Amino acid sequence: MVICIEDNNPKHKDDLQHLYLEYSEISETKIDVNIVDRLFELPYFTGFILYIDDKPAGFAVCYDGFSTHRCKHVLNIHDVMISRLFQGSGHGKELLCGVMDFCRKHDYLKITLEVDDDNIAAQKLYHSCGFEDYQVVLKGLLHWQKYLHE
């Protein structure tokens, strides 16, 4: 079962914290121990937790955006994680389908995400859910960024 995190639900916060501790062990980037508290402070944070047999099995950390051209919400998936105990059983797809169902129900325009070019497993998962590289689809549109502090 995939649920949308409620910011006033302490169980959701504790479960996300538990999953982030595991995520930080495998992440190449140092993750701040206060990340969950900081996420819950953000008005544009939308998160999802996958539960398997009432146990937190994975999460998707997302941020709400808005398309001025289409006058609709856009959801950006920033982090996706499935706990080691639940990997390899299709639960990543289950989590993403839950996110997509939420977005359809709330009339979002689209879902965006970034994936490392060497993360083939994640690319296969995203492709199996209908995601594609928008630079291929929308020729002439580039995705640029600038880090402010390195």
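So, here is what we can say about the structure in this document. Position numbers for residues count from 1 along each chain, tracking the sequence in the order it is written. Under the rules for a predicted model, residues below a pLDDT of 70 receive no local features and side-chain atom pairs below 80 are neither given nor counted, while totals for whole chains, interfaces and linings still include all residues. To get the side-chain values, all heavy atoms of the structure are used, and hydrogens and water are removed first.

**Considerations on the packing of helix H3 (residues 91-105) against helix H4 (residues 120-128)**
Axes here refer to lines fitted to C-alpha atoms; in helices the fit is confined to the stretch in contact. Angles between the N-to-C directions go from 0 to 180 degrees. By definition, any uninterrupted DSSP run of H or I lasting at least four residues is a helix, any uninterrupted run of E lasting at least two residues is a strand, and each is numbered from the N terminus. Here H3 crosses H4 at 45°, and the two axes come no closer than 10 Å. By the angle class used here, H3 and H4 are oblique. Relative to H4, H3 is oriented so that their crossing is right-handed. Facing Gly-92, Lys-93 and Leu-96 of H3, the residues of H4 in contact are Leu-125, Tyr-126 and Ser-128. In this classification, Asp, Glu, Lys and Arg are treated as charged, Ala, Val, Leu, Ile, Met, Phe, Trp, Tyr, Cys and Pro as nonpolar, and every other residue, Gly included, as polar. Here the contact of H3 with H4 is composed, by residue class, of 3 nonpolar, 2 polar and 1 charged. Orientation categories follow fixed angle ranges, with anything under 35 degrees roughly parallel, anything over 145 roughly antiparallel, 65 to 115 roughly perpendicular, and all other angles oblique. Crossing handedness is read from the near helix: turned anticlockwise from the far helix by less than a right angle, it gives a left-handed crossing, and turned clockwise, a right-handed one. Whether two residues are in contact is decided by their heavy atoms, any of which lying within 4.5 Å being enough.

**Details of the sheet that holds strand S1 (residues 2-4)**
Taken together, the 5 strands give an open sheet; going across it, the order is S1-S2-S3-S4-S5, and neighbouring strands pair in mixed fashion. What marks the edges here is a single partner per strand, and that holds for S1 and strand S5 (110-113). Between one strand axis and the next, the sheet turns through 30° on average, direction left out of account. Sheet contacts for H3: S1, strand S2 (45-52), strand S3 (55-67), strand S4 (72-82) and S5; angle to S4, the most-contacted strand, approximately 160°. For two strands to be treated as a pair, DSSP must find no fewer than two bridges joining them.

**Quick word on unusual backbone geometry**
Phi is positive for Asp-54, which is not a glycine, with a value near 65°. Turning to its location among the elements, Asp-54 is positioned in the loop between S2 and S3. A relative accessible area of 64% places Asp-54 in the exposed class. Unusually for a residue other than glycine, Cys-71 sits at a positive phi of about 55°. Considering the arrangement of structural elements, one finds Cys-71 in the loop between S3 and S4. Burial classes: relative accessible area under 20% of the type maximum marks a residue as buried, over 50% as exposed, and values in between as partly exposed (1.4 Å probe, protein chains only). When its relative accessible area of 58% is taken as the criterion, Cys-71 is described as exposed.

**Remarks on the pairing of S5**
Where S4 and S5 come together, 4 bridges link them in parallel fashion. Counterpart to Leu-75 in the pairing with S5 is Ile-111.

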